[in-house]
Amino acid sequence: MTNELHVLEKEGLENDDFIQQSQAAETLFVNEFIDGILDPSKKMLGPVKDGGTIIANTAPGCWGPMLTPTIRGGHEVTKPVFVEGAEVGDAIAIKIKSIQVTSLATSSGYDEAIIDRFIGDPFVSVKCPGCGKLHPSTIVKGIGPQAIRCSTCDTETAPFKMINGYTMALDQKGQMGVTVGREGARRIAVDAKNYMRTPENSVQNPVVALAPSDLVGVMARMRPFLGQLGTTPSKAMPDSHNAGDFGSFLIGAPHEYAFTQDELDLHRTDGHMDISRVREGATIICPVKVPGGGVYIGDMHAMQGDGEIAGHTTDVAGIVQLQVSVLKKVALEGPVLLPNEEDLPYTAKPFTKEEKRRARELAEEFGVKQVEEAFPVSMIGSGKTLNEATDNAVQRAAKLFEMSEPEVLNRATITGSIEIGRHPGVVTATFQVPKTILKKVRIYKTVKKQYD
């Protein structure tokens, strides 16, 4: 552990004495949100017990916050939760017990930043082109692309526009979505917050107010997941930038949240993953870089294929139930994902009894005395590009499991796969890891529970 994190741990404990003295809750209900900045110096909610439950009403991510300049991070995630007993150098295993979409409709599309409405970064530092105010408050005036206006001077202020956008009605049974035409989009836009089911404490402007309708009659299967799920970084940063790809926008940035590359690599926790496999039934093991961990949630999506290739997908509000467990002395640089078995690559799925029997017979034939007992693990890596993200995932795996990088590459090739989470720079490197190694790094019980 670096001296910098030691200092932060000490300061955090002093700042959070009130949390340590509070009685931890078995179940914690969360419906409060941050202003877009994940700041380890801010008070957390909780504490929640080790082994306890977090239930959260999450706000839509991406487009709504991107249209709301007072939200300074591009997303509107929940306030972080202090987990009892979580110390710097530990990890927190987060089991996703359930995800329920509550939005009845949403809008999304391919974005383009409007150059005169921000300084350096349209997610972080928005400027009204009329009165020049930074992070201006806004109102929704009417519907359509010009609806987001500055409260002070009535100038159109949203820093992004949709190049090709759509409005989608969502099946209340949580199974299907269909994009609607112009009249349907207008009907939803005039009752925007009701259709989006935006939580009462959310301040974002609802994206459906823009009423885009470039795609009409497109069917899509719903399978909700969390684009944001993780722990608080050890230095304040915009929430959507808590990963190696979006985080690269902070390097040398002309605003107060500027980072160096070394600082970004040290402090980020890769909570912004946009990996569609982070869904109900999955477990994510997250690094603890501040006392209490600071578990936060958001950016629920109704559906998405690998890559989120349009840059955005169907942002929705929803109800999430998580179970959190502290793993002592499990030092991680980034998250480890344990997907549902059906979401694993074919080569990484747990072996059946019959497959194990055949492998033992083949091993005996060639004098191999013992066949590995192994379980699948997905290492998450992020970086400015997909190649850098892949390198990051491999390096993290090699360090955690004390393997050489070539060994990780071999194992990922024959017992796993490299899959895109988000283009341009989040991936999972999945492969079978021997039981003996999982025990050594103290995550065997969590992995076995997921795939037993």
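Quick caveat: nothing in here was measured; it's all calculated off a predicted structure. (Residues numbered from 1 in each chain as written. Predicted model: local features only at pLDDT ≥ 70, side-chain atom pairs only at ≥ 80, totals over all residues. Heavy atoms only, no water.)

> How do you make sense of the overall build of the protein chain when you look at a structure like this?
Each helix and strand counted, the protein chain has eleven helices and 20 strands in total. Relative to the 2.2 N^0.38 estimate, which gives 22 Å for 452 residues, the radius of gyration of the protein chain is 22 Å and therefore close to what a compact globule would have. Based on the C-alpha atoms only, the size of the protein chain along its principal axes is roughly 80 × 55 × 40 Å. Contacts spanning at least 24 positions in sequence make up 79% of the contacts within the protein chain whose residues lie at least 6 apart. As displayed, the protein chain has an accessible area near 19,300 Å², and 50% of this comes from carbon and sulfur atoms. Put simply, the protein chain has 48 plus and 57 minus side-chain charges, and the middle of one group is 4 Å from the middle of the other. (Helix = DSSP H or I, 4+ residues; strand = E, 2+ residues; numbered from the N terminus. Rg over C-alpha atoms; globule rule 2.2 N^0.38 Å. Contact = heavy atoms within 4.5 Å. Areas by Shrake-Rupley, 256 points an atom, 1.4 Å probe, with all protein chains shown as cover. Lys, Arg positive; Asp, Glu negative; His and termini not counted. Charge placed at Lys NZ, Arg CZ, Asp CG, Glu CD.)

> It is not clear to me how the packing of helix H8 (residues 386-401) against helix H9 (residues 405-415) should be interpreted in this structure. Could you clarify?
Any two packed helices are characterised by the angle at which their axes cross and by the distance between the axes. Where H8 contacts H9, the two axes come as close as 9 Å, and the packing angle between them is 110°. With respect to their mutual orientation, H8 and H9 come out roughly perpendicular. Judged by the twist between their axes, the crossing of H8 over H9 is right-handed. Residues Val394, Gln395, Ala397 and Ala398 of H8 pack against Glu405, Val408 and Leu409 of H9. Residue composition of the contact of H8 with H9, by class: five nonpolar, one polar and one charged. (Axes fitted to C-alpha atoms, helices over the stretch in contact; angles between N-to-C directions. Parallel < 35°, antiparallel > 145°, perpendicular 65-115°, else oblique. Left-handed = near helix turned anticlockwise from the far one by under 90°. Nonpolar A, V, L, I, M, F, W, Y, C, P; charged D, E, K, R; others polar.)

> Is there a simple way to explain the environment of Asp270 in this structure?
Inspection of the secondary structure assignment puts Asp270 in the loop between helix H6 (261-267) and strand E14 (283-287). The spatial distance from the C-alpha of Asp270 to the C-alpha of Asn242 is 5.2 Å, given a sequence separation of 28 residues. A distance of 2.7 Å separates the side chain of Asp270 from the side chain of Arg268, its partner in a polar contact. One polar contact links Asp270 to Arg396, side chain to side chain, over a distance of 2.9 Å. (Polar contact = N/O pair within 3.5 Å; in protein donor to acceptor, adjacent residues only side chain to side chain.)

> Would you mind showing me how to read the pattern of salt bridges here?
Side chains that differ in sign of charge can pair as their charged atoms come close. Summed over all chains, the structure comprises 30 salt bridges. Between Asp154 and Lys141 there is a salt bridge, and its shortest N-O distance comes to 3.2 Å. A residue pair is termed long-range when its members are at least 10 positions apart, and Asp154 in the loop between strand E8 (148-150) and strand E9 (160-170) and Lys141 in the loop between strand E7 (138-140) and E8 qualify at 13 residues. What makes Lys141 partly exposed here is its relative accessible area of 46%. Linking Arg149 and Asp154 is a salt bridge whose minimum nitrogen-to-oxygen distance equals 3.9 Å. Exposure remark for Arg149: the relative accessible area of 19% places this residue in the buried category. Classification of Asp154 by relative accessible area gives partly exposed; the value is 29%. (Salt bridge = Lys/Arg side-chain N within 4 Å of Asp/Glu carboxyl O. Buried < 20%, exposed > 50% of the residue type's maximum accessible area, 1.4 Å probe, protein only.)

> What am I meant to see in the pairing of E14 here?
Two faces belong to every sheet, and in a regular strand the side chains alternate between them. Of all five residues that make up E14, five are buried, and the element is covered over most of its length. Burial of E14 is two-sided: the residues Thr283, Ile285 and Pro287 facing one way and the residues Ile284 and Cys286 facing the other way are all buried. With five bridges joining them, strand E5 (residues 91-101) and E14 adopt antiparallel strand pairing. Bridge pairing in E14 links Ile92 to Cys286. One ladder, built from three bridges, connects E14 with strand E17 (residues 336-338); its direction is antiparallel. Paired with Ile285 across the strands is Val336, a residue of E17. (Pairing = 2+ DSSP bridges.)

> Please clarify how the sheet that holds E9 should be interpreted in this entry.
The pairing of strands in a sheet comes from backbone hydrogen bonds and takes either a parallel or an antiparallel form. Read from one edge to the other, the open sheet built from four strands follows the order E6-E9-E10-E11, with strand pairing classed as antiparallel. In this open sheet, the two edge strands, each paired with only one partner strand, are strand E6 (105-113) and strand E11 (219-221). Looking at each pair of strands side by side, their axes are set apart by 30° on average, direction ignored. Two strands pair when backbone bridges link them, and E9 and strand E10 (residues 176-179) are joined in this way by three bridges, in the antiparallel orientation. Paired with Leu170 across the strands is Gly177, a residue of E10.

> Would you mind going over the packing of aromatic side chains with me for this structure?
The relation between two aromatic rings is expressed through the spacing of the ring centres and the mutual angle of the planes. Within this structure, the stated rule accounts for six aromatic pairs. On the numbers, 5.7 Å between centres and 70° between planes, the contact of Phe123 with Phe246 is edge-to-face. You can see Phe123 sitting in the loop between E6 and E7 and its partner Phe246 sitting in the loop between strand E13 (237-238) and H6, a full 123 residues away along the chain. Owing to a relative accessible area of 13%, Phe123 belongs among the buried residues under this scheme. For Phe246, a relative accessible area of 15% translates into the label buried. (Phe/Tyr/Trp six-rings, centres within 6.5 Å; stacked < 30°, edge-to-face > 60°.)

> Any chance you could explain helix H4 (residues 182-189) here in plain terms?
Helical periodicity: at 3.6 residues per turn, an α-helix aligns residues three or four positions apart in one direction. Every buried residue of H4 is accounted for by Ala185, Ile188 and Ala189. The buried residues of H4 all sit within an arc of 100° when viewed along its axis, so they share a single face. Facing away from the buried surface of H4 by more than 90 degrees, the exposed residues are Glu183 and Arg187. (Arc of directions from axis to C-beta.)

> What is the right way to look at a nonpolar patch on the surface in this model?
Together, Leu362, Phe366 and Val368 make up a nonpolar patch on the protein surface, roughly 320 Å² of accessible area in all. One can find Leu362 in helix H7 (residues 353-365). (Patch = residues over 30% accessible without salt bridge, like charges linked within 9 Å, V, L, I, M, F, W, Y side chains within 5 Å.)

> I would appreciate a short explanation of the state of the cysteines in the present structure.
Cysteine pairs can be covalently joined through their sulfur atoms, and such a bond is termed a disulfide. Within the structure shown, the criterion is met by zero disulfides. Here Cys62 stays free of any disulfide, with the sulfur of Cys286 as its closest cysteine sulfur at 19 Å. The thiol sulfur of Cys153 is not disulfide-bonded, and the nearest other cysteine sulfur, from Cys128, lies at 3.5 Å. A relative accessible area of 30% places Cys153 in the partly exposed class. (Disulfide = S-S within 2.5 Å.)

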